Amino acid sequence: MRALRAMLGGSALVLTLALSLPAEARVGGGQNYGGGSSSSSSSYSGGGSSSSDGDLVGLLLWLCIEHPVVGIPLTLGVVGFTIYSKTRGGPSGKVRTIQRGPANVPRPQRGMALLKEADPGFSEPLFLDLVQLLFTRVHELRSSGDYSAIQAMLTSEAQSQLKQRKPVATADVIVGASRILSVSLQPPQAFIVVEFEANVTVAGKPLWIQERWTFRRLAAAHSPPPDRMQALRCPACGAALETDPNGQCTYCGNGISDGRLQWQLFDAQLLASRPATAPSLSLGGGMETGTDLPTVLDPELPAHTRALLARHPELQWSELETRVRKVFMALQEAWSSGRWEKARPFQTDALFQTHRYWIENYKRAGLQNALEDIQIKRVQTVKVSLDAYYEAVTFRIFAQMRDWTQNAQGQVVGGSKNQARMFSEYWTFVRMAGGDASASADTEHCPSCAAPLDRVDLGGVCGYCGTRIVGAEHAWVLSSITQDEAYRG
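From a predicted model like this one, the values you see are computed outputs, not experimental measurements.

Visitor: Lay out the overall build of the protein in plain terms, naming residues and giving numbers.
Guide: Looking only at helices and strands, the protein features ten helices and twelve strands. Here the protein holds 489 residues, and the buried ones make up 51% of them. Within the protein, counting contacts between residues at least 6 apart in sequence, those at least 24 apart form 72% of the total. For the protein, the accessible surface area stands at approximately 21,500 Å², while carbon and sulfur atoms represent 53% of it.

Here is the structure:
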């Protein structure tokens, strides 16, 4: 009986370890945004063992003791199957791929295709820049409850909703995720629904919030150029956002309060709000959930790749992949060292600020995340997107590293110093259309003056030549990290 219990205990331990391989807190993954249960596109959700896992282990223990003829073979079978399912595919195994055919194209993509057909100048990155800016401004104005400064961007319905919210002192609005949920053309109107996750300091206390906003515009409207899509200004003349009682710009006289030129907030729903807590951590290494999932390939990948190379014959794909690898390593090093300013040149403003928040969150909690023995196993191109102003390429990156988090006393409170974590993520790089798209792999020098990147301020300006170098105008930069179990193409 003692031997049976020893064998049983070993089987249960293997099963428990196989079922609970938690994620850790590297760049773009390993924490739930806001310390809660929801995850953003740039955070990892999943990992630790659930109560159902514990119930399964308990059931197998009982069967092995009370009905060993059935329980022992069943336990061994479950353990074997679990280990197999956790280890197949991934960085060292055969990588499966799936291709989303027309019947499987997600609903937002179908609507987006129709919108771009009607408005060839529409750019998803520019739209998200605009709505994130508006989201931030709305929450900044909650202190006074006076939204007149941005009323041209709000429909009357949205203004009524926002004014019903209680005025509170707000600060430090950081958008952690913004996802387009649906795009629809319902002539004469077009609608885009966006879900936001953010951290906002309210009355001195950090809160995690989730909101779903609907934006409306005339379906026949055409998007303004980039400089007017990236600022809360008149979309017609670029002047300050000031209107007369009739909704006309006080500078150029164009009507800008009826959605004929620009997207407006139509509906703002607060879905959830809770205190933003310290990062949630679990001990252990191993393979993360989702690593063995098939790679999601865009069915238009070959055609869009040819279109990108036709635009830019100078672009060498091997150089682009080399830059992806170097940026991946540079970000991991900056994250692990806590010197996030070193990552400034390689990512968009929004992503830099999101990751910066997480580093500060760790510091406030007295924690440090360390990464060592970082190895990239495979880089696979999965999607190419083109619009009038931006070009984007998404790669699935398979990698492994030793990933652990320690407290101020040096105690390991998450991950493992000894056991590597194996994982995959989808990284999207963007650049502005036009100009030279060659993918220089140089991640150590300013693309403008060739000086070292040791004097880049938080605004992304080179301290040697004064050129702002972090925008996608100069090089391919990282715009998003999506965990493999969340990526839909």
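Visitor: Quick rundown of the packing of aromatic side chains? Include the residues and the values.
Guide: To describe a pair of aromatic rings, you give the distance between the ring centres and the angle between the ring planes. A complete count under the given rule lists eleven aromatic pairs for this structure. A ring pair is formed by phenylalanine 191 and phenylalanine 266, whose centres lie 5.9 Å apart and whose planes are at 65°; its orientation type is edge-to-face. Of the two residues, phenylalanine 191 is situated in strand 3 (residues 189–202) and phenylalanine 266 in strand 5 (residues 264–275); the sequence distance between them amounts to 75 residues. Seen from their ring centres, tryptophan 213 and phenylalanine 215 are 6.2 Å apart, and the 50° between their planes marks the pair as tilted. The pair formed by tryptophan 213 and phenylalanine 215 is uniform in burial state, with each residue classed as buried. Aromatic rings pair up to connect Phe122, Phe127, Phe135, Phe196, Trp213, Phe215 and Trp263 into one cluster. If you follow arginine 274 out to its NZ or CZ, it ends over the ring of tryptophan 208, 3.8 Å from the centre.

Visitor: I'd like to hear about the environment of glutamate 157, residue by residue, with values.
Guide: Among the secondary structure elements, glutamate 157 is positioned in helix 6 (residues 156–163). For the pair glutamate 157 and phenylalanine 266, spaced 109 residues apart in sequence, the C-alpha to C-alpha distance is 6.2 Å. Excluding residues within four positions of it along the chain, glutamate 157 makes contact with Arg216 and Phe266. Engagement of the side chain of glutamate 157 in a polar contact is seen with the side chain of serine 156, the distance being 3.4 Å.

Visitor: How would you sum up the confidence of the model for the protein? Please name residues and give values.
Guide: The share of residues in the protein with pLDDT of 70 or more is 65%, and the mean pLDDT across the chain is 75. Within the protein, helix 8 (residues 301–311) carries the highest mean pLDDT (94), whereas helix 1 (residues 2–19) carries the lowest (33).

Visitor: How would you summarise the side chain of glutamine 406 if you had to cite specific residues and measurements?
Guide: Assignment of secondary structure puts glutamine 406 in strand 9 (residues 390–407). Engagement of the side chain of glutamine 406 in a polar contact is seen with the side chain of tryptophan 404, the distance being 3.2 Å. Residues in contact with glutamine 406, not counting those within four places in the same chain, are Gly366, Leu367, Gln368, Gln411, Val412, Val413 and Lys417.

Visitor: Tell me about helix 9 (residues 317–337), and name the residues and values.
Guide: Along an α-helix, residues three or four positions apart point the same way, because every turn accommodates 3.6 residues. The end-to-end C-alpha separation of helix 9 is 30 Å, in line with the 30 Å expected for 21 residues at 1.5 Å each. Taken together, the buried positions of helix 9 are Trp317, Leu320, Arg323, Val324, Val327, Phe328, Ala330, Leu331, Gln332, Ala334, Trp335 and Ser336. At its buried positions, helix 9 is contacted by helix 8, helix 10 (349–364), strand 8 (367–386), strand 9, strand 11 (421–432) and strand 12 (477–483). Phi for glycine 338, located one or two positions after helix 9, is positive at around 80°.

Visitor: Please give an account of the pattern of salt bridges that cites residues and values.
Guide: Using the criterion set out here, one finds 13 salt bridges in the structure. Between glutamate 391 and arginine 311 there is a salt bridge, with the nearest N and O atoms lying 2.8 Å from each other. Here arginine 311 lies in helix 8 and glutamate 391 lies in strand 9, a separation of 80 residues in the sequence. Glutamate 391 gets classed as buried once you look at its relative accessible area, which sits at 0%. Assessed through its relative accessible area of 38%, arginine 311 is described here as partly exposed. Glutamate 391 is the partner of arginine 431 in a salt bridge, and the nearest nitrogen-oxygen pair spans 3.0 Å. Taken together, the positions of arginine 431 in strand 11 and glutamate 391 in strand 9 put the pair 40 residues apart, joining distant regions of the chain. Exposure class is identical for arginine 431 and glutamate 391. Each is buried. Shared partners join several salt bridges into a network, and the residues in it are Arg179, Glu195, Glu197 and Arg212.

Definitions and limits used
Residues numbered from 1 in each chain as written. Predicted model: local features only at pLDDT ≥ 70, side-chain atom pairs only at ≥ 80, totals over all residues. Heavy atoms only, no water. Helix = DSSP H or I, 4+ residues; strand = E, 2+ residues; numbered from the N terminus. Buried < 20%, exposed > 50% of the residue type's maximum accessible area, 1.4 Å probe, protein only. Contact = heavy atoms within 4.5 Å. Areas by Shrake-Rupley, 256 points an atom, 1.4 Å probe, with all protein chains shown as cover. Phe/Tyr/Trp six-rings, centres within 6.5 Å; stacked < 30°, edge-to-face > 60°. Lys NZ or Arg CZ within 6 Å of the ring centre and 35° of its normal. Polar contact = N/O pair within 3.5 Å; in protein donor to acceptor, adjacent residues only side chain to side chain. pLDDT = per-residue confidence, 0-100. Expected span 1.5 Å × (residues − 1). Salt bridge = Lys/Arg side-chain N within 4 Å of Asp/Glu carboxyl O.

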